[in-house]
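Structural overview
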Amino acid sequence: MERPLTPIEKPYNKILEKGIFTVTLVAIVGSLLSRWFKIDYGWFSIVSIIIYIGLAYLIGLKQNLKTTLWSVIKLGLYDSIVGLFLSLWLEANFSGFEKELYQYGIIGWIFIIILQIAFSIILGLIGYGIAMKKKSNKSTTIDLN
């Protein structure tokens, strides 16, 4: 009897799934906290920056630049669509240019998506650079044992 074929799991997909979960959690918790405590939702972008750089770092340790950037772009696309929808649905406390962009409808959303993807690429390059620095430091150390 033949065993069924199992799909090949890509190790970086697990890291990406955890990143998507974390971004979703930040969008939900951040939206609720910003509404309840009347703080600007933009402050939660600091946590998102850490998530993007951390994701790129973890994937960059095991994968090449192309795979790392595609993973971060996928996260940015998810965050700019689903994260934005969640924050609007949960009535996050927005101020600044984000509030104005939403008034433009689909054009504003497209602008936000493009801006988020560009920002995720920059953060992905930072995380990948940190991973490469760690890899090069690891390979240049001499083990005396």
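Residues numbered from 1 in each chain as written. Predicted model: local features only at pLDDT ≥ 70, side-chain atom pairs only at ≥ 80, totals over all residues. Heavy atoms only, no water.

Describing the overall build of the chain
Along the backbone of the chain there are five helices and zero strands. Each of the 145 residues in the chain was classed as buried or not, and the buried ones make up 34%. A sequence separation of at least 24 residues applies to 76% of the contacts in the chain between residues at least 6 apart. Carbon and sulfur atoms make up 70% of the accessible area of the chain, which amounts to about 9900 Å² in all. (Helix = DSSP H or I, 4+ residues; strand = E, 2+ residues; numbered from the N terminus. Buried < 20%, exposed > 50% of the residue type's maximum accessible area, 1.4 Å probe, protein only. Contact = heavy atoms within 4.5 Å. Areas by Shrake-Rupley, 256 points an atom, 1.4 Å probe, with all protein chains shown as cover.)

Remarks on helix H3 (residues 65–89)
Between its first and last C-alpha atoms H3 spans 35 Å; for 25 residues at 1.5 Å apiece the expected length is 36 Å, and the two agree. The largest bend along H3 reaches roughly 30 degrees and is located at Asp79. Backbone geometry just after H3 places Glu91 at a positive phi near 55 degrees. (Expected span 1.5 Å × (residues − 1). Bend = angle between axes of the 7 residues up to and from the residue.)

Re the nonpolar core
Residues Tyr41, Ile51, Tyr52, Leu55, Val72 and Leu75 are the most contacted members of the largest nonpolar core, which totals 18 residues. At the level of secondary structure, the elements contributing two or more residues to this core comprise helix H1 (11–36), helix H2 (45–60) and H3. Ignoring anything within four residues of it in the chain, the contact list for Tyr52 reads Val72, Leu75, Gly76, Asp79, Gln116, Ser120 and Leu123. (Core = buried A, V, L, I, M, F, W, Y, C linked by side-chain atoms within 4.5 Å.)

Some details on H2
Helix length check: H2 (16 residues) gives 22 Å between terminal C-alpha atoms against 22 Å at 1.5 Å per residue, within 8%. Residues of H2 that are buried: Ser48, Ile51, Tyr52, Leu55, Ala56, Ile59 and Gly60. Each buried residue of H2 lies within a common arc of 155 degrees when the element is viewed along its axis, so the set occupies one face. (Arc of directions from axis to C-beta.)

Comments concerning the side chain of Ser34
When you line up the elements, Ser34 lands in helix H1. When near neighbours in sequence (up to four residues on either side) are disregarded, Ser34 contacts Ile39, Asp40, Tyr41, Phe44, Ala92 and Asn93.

Structural notes on the packing of aromatic side chains
One pass over the structure, following the stated rule, counts one aromatic pair. For the pair Tyr41 and Phe44, a centre-to-centre distance of 6.1 Å together with 40 degrees between the ring planes defines the contact as tilted. Just as Tyr41 is buried, Phe44 falls in that class too. (Phe/Tyr/Trp six-rings, centres within 6.5 Å; stacked < 30°, edge-to-face > 60°.)

Let's talk about unusual backbone geometry
The phi torsion of most residues other than glycine is negative, and most of the peptide bonds are trans. The residue Lys38 is not glycine, and still its phi comes out positive at about 55 degrees. Among the secondary structure elements, Lys38 is positioned in the loop between H1 and H2. At Glu91, a position not held by glycine, the phi torsion is positive, near 55 degrees. Tracing the sequence through the fold places Glu91 in the loop between H3 and helix H4 (97–102). Taking relative accessible area as the criterion, Glu91 reaches 54% and is therefore assigned exposed.

By themselves, these figures tell us nothing about what the structure is for.
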